[in-house]
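# Structural overview
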Amino acid sequence: MIYVDPKILERVNQWLTPVFDIETQHTIKEMIAYDPEGLEDSFYKNLEFGTGGMRGIMGVGDNRINKYTLGKNTQGLSNYLKKTFPGESLKVAIAYDCRHNSKTLAKVVADVFSANNIKVFLFSDLRPTPELSFAVRELGCHCGIVLTASHNPPEYNGYKVYWQDGGQLVPPQDSEIIAEINAIQYGNINFEGKEELIEYMDEAMDATFEAASVRNGSFSTQQAAKNELKIVFTSLHGTSITMIPRVLEKAGYNNVSVVKEQSKPDGDFPTVESPNPEEPAALKMALELAEKEGADIVIGTDPDCDRLGIAVRDDKGELVLLNGNQAMVVMTHFLLDQWKKQERFNGNQFVASTIVSTPMVKVIAESFGVKYMEGLTGFKWIAKMVKDHPNLELIGGGEESFGFMVGDFVRDKDAVTATLLACEIAAVQKQKGGSMFSYIRELYKEYGYYLEELVSFVKKGKKGAEEIQAMMRSLRENPLETIDGSKVIRVEDYQAGLATNCEDGSVSEIDIPKSNVLIYYTEDGSKIAARPSGTEPKIKFYMSVKSDGADSDSPMEELQKKIQRIKTELQL
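None of the values given here were measured: they were computed from a predicted structure.

## Focus: the overall build of the chain
Across its full length, the chain carries 18 helices and 24 strands. Whereas a compact globule of 572 residues would reach a radius of gyration of roughly 25 Å, the chain reaches 24 Å, a difference of no more than 12%. For the chain, the spread of C-alpha atoms along the three principal axes comes to 70 × 55 × 50 Å. Considering only intrachain contacts with a sequence separation of at least 6, the fraction spanning at least 24 residues in the chain is 70%. Side chains of the chain carry 63 positive and 84 negative charges; the gap between the two charge centres is 2 Å.

Structural data, given as C-alpha cells:
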C-alpha cells in the first residue's frame, strides 16, 4: 500500500464526485493505482498566479491546467468584475497561442464569461499576446485573458489576466481576485455558455493592430536603407507568424526570409528543444538560413510573441547573438536619440526597466535628461508605471529576459513592434556603414562597459520548490560579505522591503512591492541578484559587472573572466 498524505487524498476525493466528468475521474483512479508521486504533485496545492499569470502543466488536479481550474478562475473573475463594475455592461477579450488545448480552453473560458452575462470578444484563431493587450483598450474591455505558457515546454499552458489599462494584474487586484477564485466551489462554475454573447475577432482587429505597430515602430528610415537590409525571421512554431511578416512588409521591409520549417504553429515545437529565443539553440535554423542568405540580422520570437532574440554581424562579419540587456540598451538609446532629433522632449517622458536588468539603461536615460523608473521583474510593473503616472509619457521599457515595449500603445512586452524597431536600427546602422554590433561598441565607449549573465537552476515539483526556498533562506541567513574580492556595500531584500547599507549598518525601506528577490551590490560596481522564477520551476541568479575600460585593452574579455570567477565563487 502506497502512502498518500490525507490532506491530498481529501482533495483527490473531491475530484472523484459527479461534478467532474467521467474521463477526469478515470485518469485520477489510474494515478492512484499507478502514479502516486504524480498524484501528489497534481493535488498538493492550487496553481498560483506568478510573474506572468498562472502557468502550469496540463492535466487533472488543482495544481494543473484544465477546464476546471481555468473554469474556476473565470467564474471567480466574473464575480469580481460584477462587484467592481456594478451596473456596467461588462466586456472581455480573449486570445490564445499555439499550445495544445489552447483553442479548446479559450472556448471554455469564453463560455464561462458568457454564462455570467459578460460580452466576450474571442479571437477565432491564435494571435500574438501583445495584440490582446492592444485589443483590451481598443474595445474598451474591462479585462482580457490570454491562454499561453510563453516559452515553457510543450506540456505547459497558462492563463494571463489583463485589466482595463491593457496591463497584467498587479496588487491589490491580483490578491482580491484570487480570494474570489478560492471562494468558488467547482460545482458552482457555470460552464453553459451563451453563444449570442460571444463575438469573434479577426481581420478588423489585425489591421488596426498592424497599423499601430507600424506607426509606433517606424522612424522615418529611408526606403533605400530598408531595401538594403537582409532579414531572417523565425516564429519558432508560434503566433508571431500571423503578424510580424505583414508588419515588416507594411513598414517597407521586403527583403525578409522566413524559416519555413518553423513557420507552422505547432505546440510540440518539433524543431527545437525549447522555443525560447533566450537560448542560442532555438535560433540555430535561423542562423543557418542567415549564413546561406547572407543576412544582416536574425530575429526569432517565442510562441506567444512577446519576447524576441536578435543576432547580428560582428566586426568580423560573423553572426553573434545579443543578450536581452544588450538589445534593450540599443533600443533605448535609439529611441531617445530619435526623440531628441525630433525635439519631442518636454520633461514629461520616462524610460522603464526592472531591478534585475542592466544598470546601463539608467545611465543612458539620465544622459538624455530623461526620467528612469525601475520595478520588479515583469512588464505588469512597467504597465503600472504608465497607469500610475498619466502625466508622463513612456518612451520605451525593457527587461533582461528579451522583452521590450515601444511607447505604451501595448501595455506588455511586444515582440511585434520591437522586431520592427530592431530592423529600423539595423537598417540605419548599415546605411552608415556599421551594424547593431558596432552601435553597441560605441555605447560601451561612451557610457562604460557592462556585462550581464543569467544562471538558472531547474527544480521541479514539490521537492524542487522546497529546495528553492532553502537556497533563498540560506542567502538571507548567511549574507555574502565580499564578491570576487570586492566588499558588499548594499543588500536589498525585496521580501522584507528593506535595503541595508553594509558600511554603516543603516536600514531603509524599498519603495517597491514586496517580492522574493535578494540583490547584492559591491564596491566595484558589481550587482548579483537571486530570485525564484514566478512562472517556471527555477531559481535564477543575475550577474552584472562593469568597467570604465581605462585599464584594459579588452574590457569585455576582462568582464567575462570576472563573471566566471563570480560563478565559481558562488558555486553557480
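## Re the sheet that holds strand β10 (residues 297-301)
Read across the open sheet, the five strands follow the order β9-β8-β10-β11-β12; overall the sheet is mixed. Of all the strands in the sheet, just β9 (256-258) and β12 (319-322) have a single pairing partner and so form its edges. Each neighbouring strand pair of the sheet contributes to a mean axis angle of 25 degrees, computed without reference to strand direction. Pairing analysis gives four bridges linking strand β8 (residues 231-234) to β10, with the strands arranged parallel. Looking at β10, one finds that Phe-233 is bridged to Ile-299. Sheet strands touched by helix α12 (residues 324-341): β11 (308-313) and β12. Its angle to β12, the strand with the most contacts, is close to 85 degrees.

## Re the sheet that holds strand β13 (residues 349-354)
Taken in spatial order, the four strands make up an open sheet running β14-β13-β15-β16, and their pairing is mixed. A single partner strand is all that each edge strand has here, and the edge strands are β14 (371-375) and β16 (403-406). Here the strands of the sheet are splayed against their neighbours by 20 degrees on average, with no regard to which way each runs. Where β13 and strand β15 (residues 393-399) come together, four bridges link them in parallel fashion. For Phe-350, the partnering residue across the bridge sits in β15 and is Leu-394. Sheet strands in contact with helix α13 (residues 360-367) are β13 and β14, and its direction is about 155 degrees off that of β14.

## Some points on the pairing of strand β4 (residues 119-123)
One face of the sheet, then the other: side chains in a regular strand alternate in exactly this way. Along β4, four of the five residues are buried, which leaves the element largely enclosed by surrounding structure. The sheet contact formed by strand β3 (residues 91-96) and β4 spans four bridges and is parallel. The residue bridging Ala-93 from the neighbouring strand is Phe-121, located in β4. Taking the sense of rotation as the criterion, the β-α-β connection linking β3, helix α5 (residues 102-115) and β4 turns out right-handed. Pairing between β4 and strand β7 (residues 198-201): four bridges, direction parallel. By the bridge assignment for β7, Phe-123 is matched with Met-201.

Conventions and cut-offs
- Residues numbered from 1 in each chain as written.
- Predicted model: local features only at pLDDT ≥ 70, side-chain atom pairs only at ≥ 80, totals over all residues.
- Heavy atoms only, no water.
- Helix = DSSP H or I, 4+ residues; strand = E, 2+ residues; numbered from the N terminus.
- Rg over C-alpha atoms; globule rule 2.2 N^0.38 Å.
- Contact = heavy atoms within 4.5 Å.
- Lys, Arg positive; Asp, Glu negative; His and termini not counted.
- Charge placed at Lys NZ, Arg CZ, Asp CG, Glu CD.
- Pairing = 2+ DSSP bridges.
- Axes fitted to C-alpha atoms, helices over the stretch in contact; angles between N-to-C directions.
- Buried < 20%, exposed > 50% of the residue type's maximum accessible area, 1.4 Å probe, protein only.
- Right-handed = clockwise from strand over helix to strand, strands pointing away.

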